[in-house]
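# A look at the structure
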Amino acid sequence: MIPAEFDYVAPQSLDEALQALREGGEDAKLLAGGHSLIPLMKLRLAAPALLVDLRRVPGLSDISRDNGTIRLGAMVRHHAVATAGLGLPSLAASTIADQQVRNAGTIGGTLAHGDPASDMPAILLVHEGSVVVRGQNGEREIAAADLFEDYLTTSIAEDEIVTEVRLPALEGYGFGYHKFNRRQEDWAMVAVSAAVKKGADGSAEDVRIGLTHMSSVPLRATASEDALRGKPLTEENIAAAAELASEGTEPPADLNASADYKRHLARVLTRRALADASQ
Ligand SMILES: Cc1cc2nc3c(=O)[nH]c(=O)nc-3n(C[C@H](O)[C@H](O)[C@H](O)COP(=O)(O)OP(=O)(O)OC[C@H]3O[C@@H](n4cnc5c(N)ncnc54)[C@H](O)[C@@H]3O)c2cc1C
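Quick caveat: nothing in here was measured; it's all calculated off a predicted structure.

### Some remarks on the domain arrangement of the protein
The domain architecture assigned to the protein consists of domain 1 (7–53), domain 2 (63–168) and domain 3 (173–277). Here domain 1 and domain 2 have C-alpha centroids that lie 18 Å from each other. With 13 residues of domain 1 at the interface, the matching set in domain 2 holds 16 residues. Roughly 1200 Å² of surface becomes buried between domain 1 and domain 2 when both sides are summed, with 70% attributable to carbon and sulfur atoms. By the criterion of area lost to domain 2, the three top residues of domain 1 are Leu14, Leu18 and His35, representing 40% of everything that side buries. Scanning the region where domain 1 abuts domain 2 turns up 1 salt bridge. Across the pair aspartate 15 and arginine 134 runs a salt bridge whose closest N-O atoms are separated by 2.8 Å.

Written out as structure tokens, the structure is:
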């Protein structure tokens, strides 16, 4: 399908982009990789009157580490995350769609889009990271736990631009990422991300588990985390904790899977992700 007519600007600075967004009002939309927005426009599910392209805004595509924090510019592409050796974010980004999508899609775009089937939102939750946004009234930082409000709905205001994603580095953790889909390049039916810190005695000093597509927002599997934290990382303890992974979830049924099947997947994938992260 062909999108409705729209105007297009490609500002050369963040200030110009903010101004264009303000002048465009509620009919303006930011364009990053375009791999979620353009399909929606082609299906006429979105019809912005103005697209404000972020691709010429400098300084949004860097990856750096300082004081235990990984900083990713909002326009960092999935491919760059996948190949940067960042642990869990790299594992998850490498499963996104195909090379073409990973070359175009951005971390800022996927987090701002807030699709519960996307891979990176749960990674932000597991890292207990944040996004930095710039708006008319300056800069603010939104913690992962406050970002995702509902299906395709985040707490980022319409006139705000995500500039950076901050992830505490999770030094000393092991990681696991398991995603279930029918074809390799599809969105997750369910995905589970796990980060485990092993204590000197081999027990689980810290356990973090992220669930993708088990609700209208990404979730942490807190019952499983609590069940395993402090316990020896044996196969039995991991299996018992994984059995609790679907507690408190409300997975949306769709053409691919019933809600019950997704709960089953969450338990199985949690066991596998925890086993990998505990190696
Ligand atoms: C065939 C296909 C398969 C896919 N499979 C997967 C998959 O398996 N897993 C997965 O996670 N994703 C998947 N995607 C989605 C892909 O990862 C997108 O790139 C991503 O969801 C959106 O990123 P983008 O940079 O393309 O954003 P865009 O499409 O440009 O924008 C998305 C939304 O975010 C807003 N936005 C963009 N940047 C900013 C910013 N800096 N600040 C504030 N708002 C902003 C836009 O206004 C828009 O509303 C797939 C896409 C396609 C086309």
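### Here's the deal with the site of the ligand
Near the ligand there are 30 residues, and of these Leu30, Gly34, Ser36, Thr106 and Asp119 occur at the shortest range. Within the backbone of alanine 32, one N or O atom sits 2.8 Å away from an oxygen atom of the ligand. In this structure, an oxygen atom belonging to the ligand sits 2.6 Å away from a side-chain N or O atom of threonine 106. Burial of the ligand by the protein chains amounts to 90% of its free accessible area of 970 Å². Within the residue set of the shell around the ligand, elements represented by two or more residues are strand 2 (28–31), helix 6 (107–113) and strand 10 (161–168). The biggest single contributor to the shell around the ligand is helix 6, with 4 residues. Here the residues of the shell around the ligand sort into 13 nonpolar, 11 polar and 6 charged.

### A closer look at empty space enclosed by the protein
Over the atoms, a rolling probe the size of a water molecule traces out where space has been left empty. In the structure shown here, the tally under the stated rule is 1 cavity of 30 Å³ or more. Taken as a whole, the largest cavity encloses approximately 40 Å³ of empty space. In terms of lining residues, the largest cavity is bounded by Pro89, Ile107, Leu111, Met120, Ile123, Leu124, Val165 and Leu167. Sorting the residues of the lining of the largest cavity by element identifies helix 6, helix 7 (120–127) and strand 10 as the ones contributing at least two each. Tallying contributions element by element places helix 7 first for the lining of the largest cavity, with 3 residues. Its residues placed into classes, the lining of the largest cavity shows 8 nonpolar, no polar and no charged.

### Let's talk about the nonpolar core
Ranked by size, the top nonpolar core spans 59 residues in total, and within it Leu72, Met120, Leu124 and Val131 carry the most contacts. Those residues within four positions of leucine 72 in sequence are excluded, and the remaining contacts are Asp62, Ile63, Val81, Leu86, Ile107, Thr163, Glu164, Val165 and Leu167. With 14 residues, the next largest nonpolar core counts Ala28, Leu50, Val52 and Leu54 among its residues.

### Focus on the pattern of salt bridges
Applying the stated criterion across every chain yields a total of 19 salt bridges. Ionic pairing is found between arginine 220 and glutamate 225, a salt bridge with its closest N-O pair at 2.6 Å. Here arginine 220 falls in the partly exposed class, since its relative accessible area comes to 22%. Take glutamate 225: its relative accessible area is 3%, and that puts it in the buried class. Its salt-bridge partner being glutamate 225, residue arginine 229 comes within 3.6 Å of it at the nearest N-O pair. Several salt bridges share partner residues, and in doing so they unite Glu128, Asp206, Arg208, Arg220, Glu225, Asp226 and Arg229 into one network.

### Focus: the pairing of strand 10
Most of strand 10 sits inside the fold, with 6 of its 8 residues counted as buried. The pairing of strand 5 (residues 69–73) with strand 10 spans 5 bridges and is classified as antiparallel. Across the sheet, leucine 72 pairs through a bridge with valine 165, a residue of strand 10. Of the strand pairs in this sheet, strand 6 (residues 130–135) and strand 10 are connected by 5 bridges, and their pairing is antiparallel. Along strand 10, the bridge assignment pairs valine 133 with valine 162.

### Here we look at unusual backbone geometry
Backbone geometry follows two general trends: most residues other than glycine have a negative phi, and most peptide bonds adopt the trans configuration. Positioned with a positive phi, asparagine 67 is a non-glycine residue whose angle comes to about 45°. Turning to its location among the elements, asparagine 67 is positioned in the loop between strand 4 (63–66) and strand 5. Owing to a relative accessible area of 80%, asparagine 67 belongs among the exposed residues under this scheme. Despite not being glycine, histidine 213 shows a phi value in the positive range, around 70°. As for its position among the elements, histidine 213 is in the loop between strand 13 (204–212) and strand 14 (219–220).

About the thresholds
Residues numbered from 1 in each chain as written. Predicted model: local features only at pLDDT ≥ 70, side-chain atom pairs only at ≥ 80, totals over all residues. Heavy atoms only, no water. Domains from an automatic or database assignment. Contact = heavy atoms within 4.5 Å. Buried area = accessible area lost by both parts, 1.4 Å probe. Salt bridge = Lys/Arg side-chain N within 4 Å of Asp/Glu carboxyl O. Near = heavy atom within 4 Å. Polar contact = N/O pair within 3.5 Å; in protein donor to acceptor, adjacent residues only side chain to side chain. Areas by Shrake-Rupley, 256 points an atom, 1.4 Å probe, with all protein chains shown as cover. Helix = DSSP H or I, 4+ residues; strand = E, 2+ residues; numbered from the N terminus. Nonpolar A, V, L, I, M, F, W, Y, C, P; charged D, E, K, R; others polar. 1 Å grid on protein atoms, 1.4 Å probe; cavity = no way out; pocket = protein on both sides within 12 Å on 5 of 7 lines; lining within 4 Å. Points joined across faces, edges and corners; volume = space filled by probe spheres on them. Core = buried A, V, L, I, M, F, W, Y, C linked by side-chain atoms within 4.5 Å. Buried < 20%, exposed > 50% of the residue type's maximum accessible area, 1.4 Å probe, protein only. Pairing = 2+ DSSP bridges.

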